[in-house]
Amino acid sequence: MDRQSSQAANAGGVTQATLFLPRAHHACSGLPTERSAIMVHTQSRSTRLAILRAAVLGMTVLAAGATHAQTPISDVSSNPDGGDPSDPLAVTQCNGAPQLGVLYRNSESEPHLAVNPLNPENMIAGWHQDRWSSGGAQSLGAAYTTDGGVSWTQVVIPFTRCSGATRRSAGDYERGSDPWISFGPTGTAHYMALVTDKSVNENAMVTARSTDGGNTWSAPVAIARMPAQDPVLRSLFHDKNSLTADPFDERLVYATWTLFRTGITSLVFARSTNGGLTWSNPAPIATMGSGVGSSEKTIFRQGAQIVVLPDGTLINAFFRILLDDATGEVTNEQAILRSTDQGRHWTRLDTRVAPFESASAVDTERDIPVRDASGLPSIAVNPGTGRLYIAWQDRNANGAGLVGVFVASSNDGGLTWSAPVRVNQGTSDEVQAFLPIVAVNEQGTVGVLFYDFRNDVLGDAPLSTDVFLSLFTPELDFLGERPLTASSFDMRQMVITGTRGFFPGDYVGLARAGSDFVAAFTRSNNLGLPVVFPQNENGLFLDTHNRQDIVFVRETP
C-alpha cells in the first residue's frame with residue numbers, strides 16, 4: 001500500500017493513524033472467482049476448546065442443554081492483518097481504499113441465527129467481524145453446528161475484500177453489514193448481506209447459499225447494485241435487509257429492504273423462484289406518501305422482515321413514520337403489508353399494528369446511548385396456527401420514560417392486532433429493556449429475548465447488563481422469564497459506533513429448535529478498559545481488544 005504520510009501512536013492496545021492514499025487498489029486475493037461453485041475455508045473448533053476459551057473469558061459453561069450454558073460462536077479475527085496486526089495501515093490494506101473511523105479488530109456484533117427444519121441440530125450463525133465505528137465491518141462471520149450448538153465450526157464466505165472476495169465479484173467491497181440467514185424446507189441455507197464501499201458511497205445487496213448445512217457456500221451473487229455517484233450522500237443506498245426462504249416451497253426465497261434516495265425512501269422487494277440461484281429485479285412495494293388513506297402520509301419505512309403464513313400469505317413487518325399534512329403531527333407506528341400471491345402484488349395500504357414512541361437504551365450515568373433496535377420490529381409466526389407476533393422497543397413500555405419492550409399478536413393473518421403486552425414483566429417497568437427478538441416454539445409458546453440493566457448498581461464501574469427470555473402463552477399471558485446470562489457483563493466495554501454509542505447490534509438471533517429456544521447474542525468481555533466517548537473519527541484508529549463475542553444459549557421452557 002502506498003503511503004504519502006502516516007502517523008501512529010499506540011496506547012493501551014489502541015493504535016491511531018492518519019493516512020493518505022493516492023489511489024485505491026485491491027489487496028486481497030487467493031480465492032476462486034465468482035463462477036466457482038464452492039469457495040470456503042473451514043476452521044474446526046472442538047468442544048474442549050470452546051469450554052476452555054469460555055472459562056478464560058469469564059463465561060459460565062454448563063452441561064449441554066442446561067440453562068445459562070454459553071458456548072462461544074465467534075473467535076478472534078482471521079481477517080488479513082497486512083503482516084502487522086498492531087498497524088492500522090497494514091490491517092486495512094485488504095479494504096483496498098482509504099478508511100476512516102475506529103476499527104475494532106477482534107470484536108463481533110449483530111448476530112443472526114437460523115435452524116435447519118430438516119435437522120434442528122444443524123444451525124448457522126452470522127455476525128459482524130471486526131466492526132467499524134463508522135459503519136459496517138471488515139467481513140461477515142459465519143459458523144455452523146451439527147450437534148445442537150455444543151460446538152461450532154467457522155467458515156469464510158467472501159462477502160468483502162477482507163474475507164477474500166476477488167476483483168469484480170459480488171463481494172468486491174470494503175465492508176459488510178446486516179447479516180441475515182434463512183433455511184428453506186429442504187435444508188438449503190441462504191445468507192444475505194449489505195456490502196459497501198464506504199470511500200465512494202457504493203453498495204449492494206448480495207446472497208450466498210449452502211446445501212450442506214453451512215460447511216460450504218456458493219459464490220455470493222448480487223440482488224441489487226448501486227454505483228457510486230458522489231461522496232456526499234446523493235448516491236442511492238440500500239439498508240436494513242432481511243431474507244426469508246419460503247418454508248413450503250424450496251424454489252421461493254424473498255428479500256426485502258429500504259432504499260434511500262435524496263429525500264426519498266422506498267420499501268423494496270425481490271424474490272427468487274429457483275432457490276436463490278437468480279433473483280428478480282428489485283421493485284418498490286411501498287413509497288413515500290403511500291399506505292395511508294387519510295391526510296396522513298408515510299414519510300419513512302424501515303426494518304422490513306417477511307414471514308409466511310400456513311396458507312402462503314406473505315406478511316412484511318416494518319416501522320413507519322407518518323406525517324399529518326393537516327396538523328403537522330408526526331407519529332411512529334409498527335405496520336405490515338400483505339401479499340397473497342407470493343410477492344407478485346402487495347396490499348396498497350399498510351395495516352397498522354400499534355403506535356409507538358421511539359426510544360433506545362442509554363447509560364444514564366454517562367449519558368452515552370446504546371445503539372440497539374430503536375424502532376425496528378421483530379416478527380414471528382406459529383407455522384401451525386398462523387398466529388403472528390411482533391415485538392418492538394417503546395418508551396411507553398417504561399415507567400421512567402426510558403425504553404421498554406412490547407409484544408402484540410394477530411390471529412387473523414395480520415388484519416387486526418391485540419393490545420401491546422409488556423415483555424419484561426419479571427422486573428419493574430422502570431428498568432430499561434431493549435433489543436427484543438421474538439420466536440415461537442413447536443408447542444406454541446412465545447419467547448421474547450431482550451437485554452436489560454436490572455442488575456446494574458448506580459455509581460460502580462460497570463454498566464451491568466443481562467439477557468433474558470420472557471415466555472408467553474399463544475394468547476400472550478405471561479408465563480415467566482429465564483435468564484440467558486449466568487452473570488452480568490459490562491456494556492461499557494462494548495464497541496462504540498460514533499455518536500450512536502455502545503453497539504451489541506441492531507438485532508441479535510433467536511429461533512426455535514423443536515421445543516427449545518436457541519439464541520445467539522452479543523456479550524462483552526469484562527476487560528476493565530476506560531470508556532472514550534465521543535470518539536474521534538477524523539482519521540484511522542485501531543482497537544485490538546477482544547471487547548465482545550457472539551455466544552450461543554439453548555433454553556428449554
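Report follows, based on the coordinates. From a predicted model like this one, the values you see are computed outputs, not experimental measurements. (Residues numbered from 1 in each chain as written. Predicted model: local features only at pLDDT ≥ 70, side-chain atom pairs only at ≥ 80, totals over all residues. Heavy atoms only, no water.)

1. Some points on the sheet that holds strand β14 (residues 253-261)
Alright, step 1. With respect to topology, four strands assemble into an open sheet ordered β13-β14-β15-β16, the strand pairing being antiparallel. Only two strands of the sheet have a single partner each, and these edge strands are β13 (237-245) and β16 (283-287). Strand after strand, the sheet turns through a mean of 25° between neighbouring axes, direction not considered.
Alright, step 2. Sheet topology places strand β15 (residues 264-272) next to β16; four bridges connect them, and they run antiparallel. For Ser 266, the partnering residue across the bridge sits in β16 and is Thr 287. (Pairing = 2+ DSSP bridges. Helix = DSSP H or I, 4+ residues; strand = E, 2+ residues; numbered from the N terminus. Axes fitted to C-alpha atoms, helices over the stretch in contact; angles between N-to-C directions.)

2. Some words on the state of the cysteines
Alright, step 1. In total, this model carries one disulfide according to the counting rule given.
Alright, step 2. Residue Cys 94 pairs covalently with Cys 162 via a disulfide, S to S 2.0 Å. Because the torsion about its S-S bond is 90°, the bridge between Cys 94 and Cys 162 counts as right-handed. In this pair, Cys 94 is assigned in the loop between α2 (88-91) and β5 (101-115) and Cys 162 in the loop between β8 (153-155) and β9 (175-183), connecting sequence segments 68 residues apart. (Disulfide = S-S within 2.5 Å.)

3. As for the sheet that holds strand β33 (residues 516-524)
Alright, step 1. Pairing within the open sheet is antiparallel, and its four strands lie in the order β4-β35-β33-β32. On the outer flanks of this sheet lie β4 (71-72) and β32 (509-513), each paired with one strand and no other.
Alright, step 2. As paired elements, β33 and strand β35 (residues 548-555) share eight bridges and run antiparallel to each other. Each residue of the ladder has a partner; that of Ala 520, found in β35, is Phe 552.

4. Considerations on the pattern of salt bridges
Two side chains that carry opposite charge are able to pair once their charged atoms sit near each other.
Alright, step 1. By the definition in use, this model includes 22 salt bridges.
Alright, step 2. The shortest N-O distance in the salt bridge between Arg 161 and Asp 197 comes to 3.7 Å. In this pair, Arg 161 is assigned in the loop between β8 and β9 and Asp 197 in strand β10 (residues 189-197), connecting sequence segments 36 residues apart. For the pair Arg 161 and Asp 197, a shared accessibility class is recorded, and that class is buried.
Alright, step 3. A salt bridge links Lys 240 to Asp 239; the nearest nitrogen and oxygen atoms lie 3.9 Å apart.
Alright, step 4. The buried category is assigned to Lys 240, whose relative accessible area is 9%.
Alright, step 5. The exposure class of Asp 239 is buried, given its relative accessible area of 16%.
Alright, step 6. Here the salt bridges do not stand alone but share partners, grouping Glu 296, Arg 301, Arg 320, Glu 333, Asp 350 and Arg 352 into one network. (Salt bridge = Lys/Arg side-chain N within 4 Å of Asp/Glu carboxyl O. Buried < 20%, exposed > 50% of the residue type's maximum accessible area, 1.4 Å probe, protein only.)

5. A short note on the nonpolar core
Alright, step 1. Grouped together as the largest cluster of nonpolar side chains are 73 residues, with contacts concentrated most on Trp 257, Phe 434, Leu 449, Tyr 451, Met 491 and Phe 521.
Alright, step 2. For Leu 449, the contacting residues outside a window of four places in its chain are Leu 435, Pro 436, Ile 437, Val 467, Phe 468, Leu 469, Leu 484, Val 508, Gly 509, Leu 510, Ala 519 and Phe 521. (Core = buried A, V, L, I, M, F, W, Y, C linked by side-chain atoms within 4.5 Å. Contact = heavy atoms within 4.5 Å.)

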